[in-house]
Amino acid sequence: INKLAIQPVLDAIQKQIADPAQMERFVGYSTRIANASSIRDFSGLLDLRQAVNDFKYNVAKNLGHNANEAINEVIGRIDSLIAKTAKDYIPDGQQWLKAFSIAKSEYSKMMLMQDHIMFKNIMTATTESDIQKALNDHANKFDVDARTFNQVVDRPLAAVSFVPLD
């Protein structure tokens, strides 16, 4: 785990943070990363990757290119260790790695999508009418190109637990 060189990256990122609210988020995520780092099994390694990935999308993305690049390098080292471990210890490890790669790709798409204002409006809608209004409001706006609009509406909304308030 020390070979992953996570702590020096976190230390460098921490020095860039001046905003108290952002520092609070940093401390929460870095504590989660430290806790995940202490578990020395495959499940712990997956948890560590998830913790670092969450840090990337919730803290590092607001700190500029260098922070993102450093976190991407850490994630790359974790992924290399996951791949080596999967090949060595999981029956049909190659197939598992293919499925893991697809899952990572879909998760990345979802994380990028959830930052979009149209997606946020749809996800916070409380009725079908609110969802239709959010779609209509954004269908012709310049901040939503056709590709983004189609990506949002192509996503299965069945994953959203929709409970009518009436």
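Located above this text is the structure these notes cover.
Bear in mind the structure is a predicted one, so any value in this text is a computation, not a measurement. The numbering scheme is per chain: residues are counted from 1 as the chain's sequence reads. pLDDT decides what is reported in this predicted model: residues at 70 or higher carry local features, side-chain atom pairs at 80 or more are listed and counted, and totals for whole chains, interfaces and linings draw on all residues regardless. Note that the side-chain values use all heavy atoms of the structure and ignore hydrogens as well as water.

Novice: Describe the overall build of the chain, naming the residues involved and giving the relevant values.
Specialist: Of the regular secondary structure elements, the chain holds 8 helices and 0 strands. The secondary structure listing takes helices from DSSP runs of H or I that are at least 4 residues long and strands from runs of E that are at least 2 residues long, numbered from the N terminus. Reading the chain from its N terminus to its C terminus gives the helix and strand order α-α-α-α-α-α-α-α. By residue count, 33% of the 166 residues in the chain fall in the buried class. We call two residues in contact whenever any of their non-hydrogen atoms come within 4.5 Å of each other. The long-range share in the chain, meaning contacts at least 24 apart out of those at least 6 apart in sequence, stands at 61%. Shrake-Rupley sampling with a 1.4 Å probe provides the accessible areas, and residues are treated as covered by the protein chains on show and by no other component. Entry remark: accessible area of the chain is about 10500 Å², with carbon and sulfur atoms responsible for 54%. Think of it in three bands: residues with accessible area under 20% of the maximum for their type are buried, residues over 50% are exposed, and the middle band is partly exposed, with areas taken using a 1.4 Å probe on protein chains only.

Novice: Lay out the packing of aromatic side chains with the relevant residues and their values.
Specialist: Aromatic ring pairs are reported here in terms of the distance separating the ring centres and the angle at which the planes meet. Centres within 6.5 Å are what make two rings of Phe, Tyr or Trp a pair, Trp counting through its six-membered ring; a difference in plane orientation under 30 degrees is then read as stacked, over 60 as edge-to-face, and the rest as tilted. In this structure the tally under the stated criterion is 3 aromatic pairs. Their ring planes at 15 degrees and their centres at 4.9 Å tell us that W96 and F100 sit as a pair that is stacked. Note that W96 and F100 are positioned in helix 5 (residues 93-114) at a spacing of 4 residues, about one turn of the helix. Residue class for W96 comes out partly exposed when judged on its relative accessible area of 25%. Members of the aromatic cluster, joined through ring pairs, are F42, W96 and F100.

Novice: Before we move on, could you go through helix 4 (residues 65-89) and cite the residues and values that matter?
Specialist: With 25 residues, helix 4 extends 36 Å between its outermost C-alpha atoms, agreeing within 8% with the 36 Å of an ideal straight helix rising 1.5 Å per residue. When we look at burial in helix 4, the residues that qualify are A67, N68, A70, I71, V74, I75, I78, D79, I82, A83, T85 and A86. Structurally, helix 4 contributes buried residues whose contacts are with helix 1 (6-16), helix 3 (42-58) and helix 5. Every helix has an expected span of 1.5 Å times one less than the residues it contains.

Novice: Residue-level account of the packing of helix 1 against helix 4, with values.
Specialist: Contact geometry of helix 1 with helix 4 gives a least axis separation of 10 Å together with a crossing angle of 165 degrees. Regarding the angle of helix 1 to helix 4, the classification is roughly antiparallel. Handedness of the crossing formed by helix 1 with helix 4: left-handed. Residues I6, V9, I13 and Q16 of helix 1 lie in contact with helix 4, whose contacting residues are A67, A70, I71, V74, R77 and I78. The angle between two axes is taken between their N-to-C directions and runs from 0 to 180 degrees, where each axis is a line fitted to C-alpha atoms and a helix contributes only its stretch in contact. In this scheme, roughly parallel covers angles under 35 degrees and roughly antiparallel covers those over 145, while 65 to 115 is roughly perpendicular and the rest are oblique. Should the near helix be turned anticlockwise from the far one by less than a right angle, the crossing is termed left-handed; should it be turned clockwise, right-handed.

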